[in-house]
Amino acid sequence: MCGIVGVVSNNPVNQLLYDALLLLQHRGQDAAGIATGHGNKFAMHKANGLVRDVFRTRNMRSLPGNIGIGQVRYPTAGSTSEEEAQPFYVNAPFGIVLAHNGNLTNADELKIELFKNDMRHLNTDSDSEVLLNILAHQIQEVTSGYSLDPQSMFRAVSMLHRRVRGSYAVVAQIAGYGLLAFRDPFGIRPLCIGLSHTESGVEYMIASESVALEGLGFKFLRDVEPGEAIFIDLDGKMYNEQCAENPTLNPCAFEYVYLARPDSIIDGASVYLTRLKMGEYLADKVRNQFRDGEIDVVMPIPDSSRPSAMELAMKLNLDYREGFIKNRYIGRTFMMPGQAIRRKSVRQKLNAIKQEFAGKSVLLVDDSIVRGTTSREIVQMARESGAKRVIFASAAPPVQFPNVYGIDMPTRSELIAYGRSEEEVCREITADALVYQDVAAMKRSISDVNPMLRNIEASCFDGHYITGDVSSAYLDHLEMARNKPRPDTEDMMRSQLNLNLAERGD
């Protein structure tokens with residue numbers, strides 16, 4: 001769920017990259033980084049924290065150049081250490097910096113190959129560093145001397161596709177040559193390209209979501225195809241080639257359910273319209289389960305579920321109210337590290353308007369239920385505000401399986417729906433009733449908006465892993481790795497805060 005961006009321009013790109021990362025901040029709040037190119041050199045700054053906290057005026061001044069990449073990150077592999085913030089850099093061949101959105105399912109095997117066969121050293125546990133070194137090795141394999149052309153890069157990406165499994169959308173700079181971007185052969189994670197005509201020429205931007213392009217005045221050109229590689233040289237000339245043998249488009253359902261901004265268009269489907277459709281199909285289930293008069297009011301859990309809740313209320317001719325007000329300066333609770341911190345942050349993030357709840361039978365609509373911590377707290381807040389009955393509806397189906405393609409929910413024990421019936425989940429979140437979306441209806445919500453999207457990656461809902469290499473043993477290994485003892489999260493956060501205060505002289 002990281003957000004990535006790359007820009008090629010005739011003007012300095014540091015401000016463009018910063019602004020693009022702000023527009024992609026919803027995709028990651030753990031760390032941010034920018035790398036720019038000037039001549040044959042890179043300048044880079046990255047650190048833990050939000051974009052506005054990572055980059056100060058002095059940092060922006062140290063990022064010269066007309067080409068660059070950036071990333072906002074939250075961790076799905078490795079740790080939360082600052083060393084694993086992206087972009088990553090390798091000095092040979094040519095010098096490459098890379099930022100990656102996704103998760104490699106064969107990262108452990110590749111680490112062994114890199115050490116034993118390719119004689120490459122890894123400095124972190126991040127699968128993104130693995131991907132960078134695979135790319136660097138393949139580029140070295142297809143080049144001789146000091147020359148590098150687009151066709152050589154495309155051959156290297158083709159070789160990378162044959163070695164790497166999992167999900168990956170990538171932007172990379174090659175020193176003195178230009179910007180390389182590519183997407184995995186299954187098209188799981190999103191990536192799109194846009195251009196802008198300026199007085200000094202054409203600028204290109206490649207980003208995770210169309211909102212980053214449009215918010216900065218770029219014209220949306222198209223999505224990067226699954227398996228496709230795009231290269232833009234320093235003169236602004238674009239090359240592209242299909243580098244995978246059997247590419248298929250399988251966009252991640254969770255992008256439409258939760259991750260992406262509603263004003264983005266991903267693989268030809270408006271995220272906003274898909275969420276309206278989810279509300280429409282969810283209304284059918286609610287209509288079948290409840291009689292007229294059993295529900296007084298429909299309320300969304302802000303913000304992702306608002307389109308679904310509005311459409312559901314309209315279809316059922318029910319009152320729609322905003323019962324919870326969101327504090328926008330608290331991070332997404334789904335991405336908070338640790339149950340205790342998530343539970344505490346729910347109360348800080350949402351505040352109930354008691355008048356809207358008092359004496360009413362309330363239908364609360366959320367985009368999904370993952371761990372259940374947030375849902376339980378919200379149900380309790382509704383009761384404390386005077387609701388006589390609390391019905392909970394999820395615009396997505398039960399999340400019953402780990403997501404291994406870039407969403408931070410790798411262990412089965414963390415998923416409230418894993419091994420539980422809907423009735424048991426209902427009791428766990430202390431609701432009076434629970435309504436889940438059907439898997440088929442969720443997929444139909446997306447394909448209704450773009451009929452060309454026939455295959456949707458929905459492994460966390462249906463257990464089908466499109467890459468074909470995810471076994472029970474693999475999931476057990478992930479769970480063991482995740483459950484290894486780590487430093488106390490609050491101690492880590494406190495240490496980081498002290499470092500930040502010391503830096504600022506506070």
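Residues numbered from 1 in each chain as written. Predicted model: local features only at pLDDT ≥ 70, side-chain atom pairs only at ≥ 80, totals over all residues. Heavy atoms only, no water.

J.: Tell me about the overall build of the chain, and name the residues and values.
T.: The secondary structure content of the chain amounts to 18 helices and 22 strands. Taking all 506 residues of the chain together, 58% fall into the buried category. Total accessible area computed for the chain in this model is approximately 20600 Å², and 49% of it derives from carbon and sulfur atoms. Charged side chains of the chain number 55 positive and 63 negative; the gap between the two group centres comes to 3 Å. (Helix = DSSP H or I, 4+ residues; strand = E, 2+ residues; numbered from the N terminus. Buried < 20%, exposed > 50% of the residue type's maximum accessible area, 1.4 Å probe, protein only. Areas by Shrake-Rupley, 256 points an atom, 1.4 Å probe, with all protein chains shown as cover. Lys, Arg positive; Asp, Glu negative; His and termini not counted. Charge placed at Lys NZ, Arg CZ, Asp CG, Glu CD.)

J.: Give a detailed account of the pairing of strand 22 (residues 433-436), specifying residues and quantitative values.
T.: Taking every second residue as pointing to the same face, both faces of strand 22 are buried, with Ala-433 and Val-435 on one and Leu-434 and Tyr-436 on the other. Two elements, strand 21 (residues 389-394) and strand 22, share 4 bridges in a ladder whose sense is parallel. Its bridge partner being in strand 22, Ser-394 is matched across the sheet by Tyr-436. (Pairing = 2+ DSSP bridges.)

J.: Please set out the sheet that holds strand 21 residue by residue, giving values where relevant.
T.: With parallel pairing, 5 strands are arranged side by side in an open sheet as 17-16-20-21-22. Two strands in the sheet have a free side with no partner beyond their single neighbour: strand 17 (319-320) and strand 22. Bridge count between strand 20 (residues 361-366) and strand 21: 6 bridges; the pairing is parallel. Within strand 21, the residue paired with Leu-363 across the bridge is Ile-391. Sheet strands in contact with helix 13 (residues 373-384) are strand 20 and strand 21, and its direction is about 150 degrees off that of strand 21. (Contact = heavy atoms within 4.5 Å. Axes fitted to C-alpha atoms, helices over the stretch in contact; angles between N-to-C directions.)

J.: For the pattern of salt bridges, give the residues involved together with the corresponding values.
T.: In the structure shown here, the tally under the stated rule is 27 salt bridges. The partner of Asp-438 in a salt bridge is Lys-285, with the nearest N and O atoms 3.1 Å apart. With a gap of 153 residues between them, Asp-438 in the loop between strand 22 and helix 15 (439-449) and Lys-285 in helix 9 (residues 271-289) connect regions that are remote in the sequence. Judged by its relative accessible area of 19%, Lys-285 falls in the buried class. The network of salt bridges with shared partners includes Arg-27, Arg-189, Glu-209 and Glu-255. (Salt bridge = Lys/Arg side-chain N within 4 Å of Asp/Glu carboxyl O.)

J.: With reference to specific residues and values, describe the packing of helix 9 against helix 15.
T.: Where helix 9 meets helix 15, the axes come as close as 8 Å, and the angle between the chain directions of the two elements is 135 degrees. Taken together, the axes of helix 9 and helix 15 are oblique relative to one another. The two elements helix 9 and helix 15 cross, and the hand of that crossing is right-handed. For the pair helix 9 and helix 15, the contacting residues are Leu-273, Thr-274, Lys-277, Met-278 and Tyr-281 in the first and Ala-441, Met-442, Arg-444, Ser-445, Ile-446, Asp-448 and Val-449 in the second. Split by residue class, the contact of helix 9 with helix 15 holds 7 nonpolar, 2 polar and 3 charged. (Parallel < 35°, antiparallel > 145°, perpendicular 65-115°, else oblique. Left-handed = near helix turned anticlockwise from the far one by under 90°. Nonpolar A, V, L, I, M, F, W, Y, C, P; charged D, E, K, R; others polar.)

J.: With reference to specific residues and values, describe the packing of aromatic side chains.
T.: Under the counting rule described, the total for this entry stands at 9 aromatic pairs. Residues Phe-94 and Tyr-177 carry aromatic rings whose centres are separated by 5.4 Å and whose planes lie at 75 degrees to one another, so their mutual orientation is edge-to-face. Of this pair, Phe-94 sits in the loop between strand 5 (88-90) and strand 6 (96-104) while Tyr-177 sits in the loop between strand 7 (166-174) and strand 8 (178-183); the two residues are 83 residues apart in sequence, bridging distant segments of the chain. Residue Tyr-177 is classed as partly exposed on the basis of its relative accessible area, which comes to 22%. (Phe/Tyr/Trp six-rings, centres within 6.5 Å; stacked < 30°, edge-to-face > 60°.)

J.: Any chance you could break down the environment of Gly-194 for me, citing the residues and the numbers?
T.: Within the secondary structure, Gly-194 is located in strand 9 (residues 192-198). Counting along the chain gives 31 residues from Gly-194 to Arg-163, while the straight-line C-alpha distance between them is 29 Å. When sequence neighbours within four positions are dropped, the list of residues in contact with Gly-194 reads Glu-203, Tyr-204, Met-205, Leu-213, Phe-218, Lys-219, Phe-220 and Leu-221.

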